[in-house]
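Reading the structure
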Amino acid sequence: MRSTPVWDLHTHLYPSAFGSPVPAAMEAVDPQGLSLWGIDELLTYHYLVAEVYRVVPATRLPYEQFWRMSKTQQADHIWQHLFVDRTPLSEACRGVLTTLARLGLDPNERDLESHRKWFAAQTLDSHIDRVMEVSGVSRITMTNAVFDDNERNRWLADPAAGADDRFRAVLRFDPLLRDWQSAGPQLREWGYDVSEDLNDKTIAEIRRFLHNWINRINAIYCAVSLPPSFHYGGPDDHSAGSTVLREAVLPTLAELGLPMAMMIGSRLQVNPSLKDAGDTVEKSDVASVVQICSDFPENRFLCTMLARENQHELAVAARKFGNLMVFGCWWFLNNPSLVEEITRMRLELLGTTFVPQHSDARVLDQLIYKWDHSRNIIAKVLVDKYADVEATGRRVSEGDIQRDVQHLLHGAFADFLTP
Ligand code: RAT
Ligand code: ZN
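Right, let's walk through the structure included here. In this text, all values refer to a predicted model and were calculated from it rather than measured experimentally.

1. Points about the overall build of the protein
Assigned secondary structure in the protein consists of 17 helices and 10 strands. In terms of C-alpha radius of gyration, the protein reaches 22 Å, essentially the compact-globule figure of 22 Å for 419 residues. For the C-alpha atoms alone, the extent of the protein along its principal axes is close to 65 × 60 × 45 Å. Out of the 419 residues in the protein, the part that is buried amounts to 55%. Per element, the accessible surface of the protein, about 17,900 Å² overall, is 50% carbon and sulfur. The protein carries 42 positive and 56 negative side-chain charges, and their two centres are separated by 3 Å.

2. Here we look at the coordination of the zinc ion (ligand 2)
Protein coordination at the zinc ion (ligand 2) comes from H10 (NE2), H12 (NE2) and D360 (OD), with a distance range of 2.0 to 2.1 Å. Residue H10 is classed as buried on the basis of its relative accessible area, which comes to 3%.

3. A short note on the site of ligand 1
Lining the immediate environment of ligand 1, one finds H10, H12, H46, Y47, R172, W330, W331, D360 and R362. Contacts to ligand 1 include H12, whose side-chain N or O atom sits 3.0 Å from an oxygen atom. The contact in question runs from an oxygen atom of ligand 1 to an N or O atom on the side chain of H46, over 2.9 Å. Taken by itself ligand 1 offers 300 Å² of open surface, and the protein chains cover 93% of this. Residue composition of the shell around ligand 1, grouped by class: three nonpolar, three polar and three charged.

4. Digging into the nonpolar core
Among the nonpolar cores identified, the biggest contains 143 residues, and F173, L176 and M260 are the most heavily contacted of them. Counting residues per element, this core draws most heavily on helix 16 (residues 366–390), which supplies nine residues. Sequence-distant contacts of M260, that is, excluding residues within four places in its chain, are made with F173, L177, C222, V224, L245, V249, L250, L253, R300, F301 and L302.

5. Examining the environment of R319
As for its placement among the helices and strands, R319 is situated in helix 14 (residues 311–320). Apart from the residues lying within four places of it in its own chain, the contact partners of R319 are L349 and L350.

6. Comments concerning the pairing of strand 4 (residues 167–172)
Most of strand 4 is tucked away: five of the six residues are buried. Here two bridges tie strand 2 (residues 137–141) to strand 4, and the two strands are oriented parallel to one another. Note on strand 4: the bridge partner recorded for I140 is F167. Looking at chain direction, strand 3 (residues 144–145) and strand 4 are connected through two bridges and run parallel. Note that in strand 4 the partner of N144 across the bridge is L171. The pairing of strand 4 with strand 5 (residues 219–226) spans four bridges and is classified as parallel. If you follow L171 over to strand 5, its bridge partner there is C222.

7. Points about the side chain of T143
Considering the arrangement of structural elements, one finds T143 in the loop between strand 2 and strand 3. Owing to a relative accessible area of 5%, T143 belongs among the buried residues under this scheme. A polar side-chain atom of T143 sits 3.1 Å from a polar atom in the side chain of H10. Among the polar contacts made by the side chain of T143, one reaches the main-chain carbonyl oxygen of T11 at a distance of 2.7 Å. Sequence-distant contacts of T143, that is, excluding residues within four places in its chain, are made with H10, T11, H12, Y14, E151, V170 and R172.

8. Concerning the packing of aromatic side chains
Taken as a whole, this structure holds 17 aromatic pairs when the rule is applied. Between the aromatic rings of W190 and F209, the centroid separation amounts to 5.9 Å while the plane-to-plane angle is 25 degrees, which identifies the pairing as stacked. With a gap of 19 residues between them, W190 in the loop between helix 10 (180–189) and helix 11 (200–217) and F209 in helix 11 connect regions that are remote in the sequence. Assessed through its relative accessible area of 0%, F209 is described here as buried. Through a chain of ring-to-ring contacts, three or more aromatic side chains come together here, namely Y53, Y63, F66 and W67. The positively charged end of R216 is found above the aromatic ring belonging to W213, 4.5 Å away from the centroid.

9. Some thoughts on the packing of helix 5 (residues 91–102) against helix 16
Two numbers describe how helix 5 lies on helix 16: the axes approach to 8 Å, and their chain directions differ by 105 degrees. Relative to helix 16, the element helix 5 is oriented roughly perpendicular. Taking contact as the criterion, the partners of E91, A92, R94, G95, V96, T98, T99 and R102 in helix 5 are, on helix 16, I368, Y369, D372 and H373. Taken together, the residues of the contact of helix 5 with helix 16 break down into four nonpolar, four polar and four charged.

10. Observations regarding the pattern of salt bridges
If charged atoms from side chains of opposite charge come close, those side chains can pair. Considering all chains together, one arrives at 25 salt bridges under this definition. Between R154 and D30 there is a salt bridge whose closest N-O contact spans 2.9 Å. Taken together, the positions of R154 in helix 8 (residues 149–157) and D30 in the loop between strand 1 (6–8) and helix 1 (39–43) put the pair 124 residues apart, joining distant regions of the chain. A relative accessible area of 17% places R154 in the buried class. Overall, D30 belongs to the partly exposed group, its relative accessible area being 23%.

Cut-offs applied
- Residues numbered from 1 in each chain as written.
- Chains lettered and ligands numbered in written order.
- Predicted model: local features only at pLDDT ≥ 70, side-chain atom pairs only at ≥ 80, totals over all residues.
- Heavy atoms only, no water.
- Helix = DSSP H or I, 4+ residues; strand = E, 2+ residues; numbered from the N terminus.
- Rg over C-alpha atoms; globule rule 2.2 N^0.38 Å.
- Buried < 20%, exposed > 50% of the residue type's maximum accessible area, 1.4 Å probe, protein only.
- Areas by Shrake-Rupley, 256 points an atom, 1.4 Å probe, with all protein chains shown as cover.
- Lys, Arg positive; Asp, Glu negative; His and termini not counted.
- Charge placed at Lys NZ, Arg CZ, Asp CG, Glu CD.
- Donors = N, O, S within 2.8 Å, 3.2 Å for Na, K, Ca; no water.
- Near = heavy atom within 4 Å.
- Polar contact = N/O pair within 3.5 Å; in protein donor to acceptor, adjacent residues only side chain to side chain.
- Nonpolar A, V, L, I, M, F, W, Y, C, P; charged D, E, K, R; others polar.
- Core = buried A, V, L, I, M, F, W, Y, C linked by side-chain atoms within 4.5 Å.
- Contact = heavy atoms within 4.5 Å.
- Pairing = 2+ DSSP bridges.
- Phe/Tyr/Trp six-rings, centres within 6.5 Å; stacked < 30°, edge-to-face > 60°.
- Lys NZ or Arg CZ within 6 Å of the ring centre and 35° of its normal.
- Axes fitted to C-alpha atoms, helices over the stretch in contact; angles between N-to-C directions.
- Parallel < 35°, antiparallel > 145°, perpendicular 65-115°, else oblique.
- Salt bridge = Lys/Arg side-chain N within 4 Å of Asp/Glu carboxyl O.

The structure is reproduced here in structure tokens:
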């Protein structure tokens, strides 16, 4: 489990060609750069922004004041309150310590400057290699948000930006399914002849848009995050989102042989002052996933859900549909107790036919802790399951274990991409 390479199927990481706002040895800083790494980015991860507002509330530090602070000042604030004044017990805090320790830094060091010095002496490309080696990640899948101006313009300016063999691209287009009212005018601005009405011409133009961008970035799948209220009601469901999904997105993906990833259950911006940390979780509708898998047998679906309450029903759905691949313990589920419970349940219902984890890393170095922690839990669950099998008298060989682990960390996803 520790030495088998992982194909991480969902991250928010980028190759160095996308620019980096982090100071590094002999490298130019790109303030809007997308490739995040280093100690200040680790400390200002949105999971930790939410946590620092538990201990220094907005009545003492108004949100606007926090967002006006420089990245270094924000990191100092989080370090002081979560790592110096308190024991860093939460999973996101512990993750920073695991990361520092596995990079050879001292997790007892209270002086942030010494960590900063170490990171500032690295160069990004060699640091990417180092982090991949330490974390055992052999391939990083990006999330390429085409409706994000900063990212889209980088692809347009440098078509080769994604050509780094360590990375793979994923076309992400949430507004297309969540908000046709604003996605339509955007497409028009980009030269696609769409109207508000989802007529045949408009559907053909959405398909052309998808083809163009899938080809431009060489996407290995397409992805959306859907709200807890997401509902798909079958062929008679004429809501804009369902129409775009049924008539434009899924036929395009079936034609190209690419899977569609649905990440369902995040309710956006319940506290907008927290920015990326302001989203929450609510229970979602597994019946819609079942309907989609049944209505589109020519398509393949990757699915993860955010609510703990949806996990059992989703795993059962995967028993019914070979075109459904359940993956990951997403965001608020990425805590040891929940990863263990969910992985155990999935193994019991699905054998090894699921992808137990993805990192969702936003900061390169997070690959280290996300995979270190997850590998330990997946191994613990497997040990129990092998013991149960051996209790029947059936022997489990080292070769069996190697094959199973390789499948869980790499093969299940790779095979699903190219069946
Ligand atoms: O887990 C996260 O970091 C979230 O903020 C989201 O990025 C989520 O994973 C997503 O891809 O929408
Ligand atoms: Zn994500």
